[in-house]
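# Overview (structure and organization)
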Amino acid sequence: MDIRIMQYFLTLTQQGTISAAAEALHVSQPSLSRQMKELEEELGVRLFLRGKRQITLTPEGLLLKNRAAEMLHLMRETEKELTRTKGVLKGDLYIGSGETHAFRHIAALLRKMREAHPEVRFHLIDGDTEDLLPLLDAGKLDFAVLFTNFEMSAYHTRELPETDRFGILMRDDAPLAAKEALTVADLYDQPLIISRASEEFFFNNEDRGRIHIIGTYNQVGNTAIMVAEGVGYALVFDRLLNLEGTELCIRPLLPVIHNTGRLVWRKYQVYSPVMQAFLELLAETPDNTL
């Protein structure tokens, strides 16, 4: 499969019609149609359901769309990695992370990376395991900071040297704000917003019947806005938010539940020069600082 044809294919899936794609690519409609037909013949599958106006992808077409996007992303990254000037390391490092105060240890490594290699650029993507693990597997992330359990046999991992604790975010005038600390029982029948990944850490069978979960989140910033607007309480890591000057507060949840994040990267891959440089810094860093 030719990379140029993959680009044509992706453009067609994005534009939705042969005419729009041909215009975007500056090629003729007959030429683009012929090349897509030749691609189908080469692969031996039907990629499109051709309507009068809009093109719809078959299941095989959807699969190729995802793989083509990965191929083009890796090609662009490879081109960047191979661009070196007088020994200067250039390229991009992609890191995904759940929200955690412990990310400061990763930030310290990135500072050292920038000091040693000022031409390297960093790209941070927020999310939880559900968001980030597929991106890591697809090669769209170099590293991810994850908190929930997953099948780790295909990954290298390094525990962060700091744990997060759970607390309950609420308005200052909320009924539960009068308490210095809360138990799960205090949350019975209260409207509660939780992170998608947190349910596995608590809520036994008895609790599940009494906990009124009204929503989930994967980023705490907008969740704090919802709490401020009186939507409900939120289960959060207790040191993520600066609440000074707001109408919000956090009460610790007892018994204390600690959650430790891991820095994760794939075992079976060719490391880019930028990724290798980061791993070298990581190897030099004591476990108690990362």
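Residues numbered from 1 in each chain as written. Predicted model: local features only at pLDDT ≥ 70, side-chain atom pairs only at ≥ 80, totals over all residues. Heavy atoms only, no water.

## What about the overall build of the protein chain?
- The helix and strand inventory of the protein chain stands at 9 helices and 12 strands.
- When its C-alpha atoms are laid out on the principal axes, the protein chain stretches across 70 × 55 × 40 Å.
- Taken over 290 residues, the protein chain has a buried fraction of 45%.
- Residue pairs at least 24 apart in sequence account for 68% of intrachain contacts in the protein chain once pairs closer than 6 positions are excluded.
- Surface exposure of the protein chain reaches about 15600 Å², of which carbon and sulfur atoms provide 50%.
- Here the protein chain contributes 32 positively and 41 negatively charged side chains, and the mean placements of these two sets differ by 6 Å. (Helix = DSSP H or I, 4+ residues; strand = E, 2+ residues; numbered from the N terminus. Buried < 20%, exposed > 50% of the residue type's maximum accessible area, 1.4 Å probe, protein only. Contact = heavy atoms within 4.5 Å. Areas by Shrake-Rupley, 256 points an atom, 1.4 Å probe, with all protein chains shown as cover. Lys, Arg positive; Asp, Glu negative; His and termini not counted. Charge placed at Lys NZ, Arg CZ, Asp CG, Glu CD.)

## Some details on the packing of helix α1 (residues 3-15) against helix α3 (residues 29-43)
- Packing of α1 against α3 leaves a shortest axis separation of 11 Å and a crossing angle of 110°. Here α1 lies roughly perpendicular to α3, going by the angle between them. In this structure, α1 uses Arg4, Ile5, Met6, Tyr8, Phe9 and Leu12 to contact α3, whose residues at the interface are Leu32, Gln35, Met36 and Leu39. (Axes fitted to C-alpha atoms, helices over the stretch in contact; angles between N-to-C directions. Parallel < 35°, antiparallel > 145°, perpendicular 65-115°, else oblique.)

## Comments concerning the packing of helix α2 (residues 18-25) against α3
- Look at α2 against α3: their axes get within 9 Å of each other, and the N-to-C directions meet at 105°. In terms of axis orientation, α2 runs roughly perpendicular to α3. Side by side, α2 and α3 meet where Ile18, Ser19, Ala21, Ala22 and Leu25 of the first sit next to Gln29, Leu32 and Ser33 of the second.
- For the contact of α2 with α3, the residue count by class is 5 nonpolar, 3 polar and no charged. (Nonpolar A, V, L, I, M, F, W, Y, C, P; charged D, E, K, R; others polar.)

## Considerations on the packing of aromatic side chains
- Per the stated rule, a full pass over the model turns up 6 aromatic pairs.
- Aromatic pair Phe143 and Phe278: ring centres 4.8 Å apart, planes at 50°, arrangement tilted. Taken together, the residues span a long stretch of sequence, with Phe143 in strand β5 (residues 143-146) and Phe278 in helix α9 (residues 273-284) at a distance of 135 residues. The exposure classification of Phe143 matches that of Phe278, with both residues buried.
- Residues Phe166 and Phe237 carry aromatic rings whose centres are separated by 5.1 Å and whose planes lie at 50° to one another, so their mutual orientation is tilted. Taken together, the positions of Phe166 in strand β6 (residues 155-171) and Phe237 in strand β10 (residues 233-237) put the pair 71 residues apart, joining distant regions of the chain. (Phe/Tyr/Trp six-rings, centres within 6.5 Å; stacked < 30°, edge-to-face > 60°.)

## Quick look at unusual backbone geometry
- The omega torsion across Leu254 and Pro255 is -5°, close enough to zero to call that bond cis.
- Along the chain, the position of Pro255 falls in the loop between β11 (248-254) and β12 (258-266).
- Within the chain, His26 stands out as a residue other than glycine whose phi angle is a positive 60°.
- Tracing the backbone through its elements, the reader meets His26 in the loop between α2 and α3.
- Not every positive phi belongs to a glycine, and Asp189 is a case in point at roughly 65°.
- Assignment of secondary structure puts Asp189 in the loop between β7 (182-183) and β8 (191-195).
- Residue Asp189 is classed as exposed on the basis of its relative accessible area, which comes to 52%.

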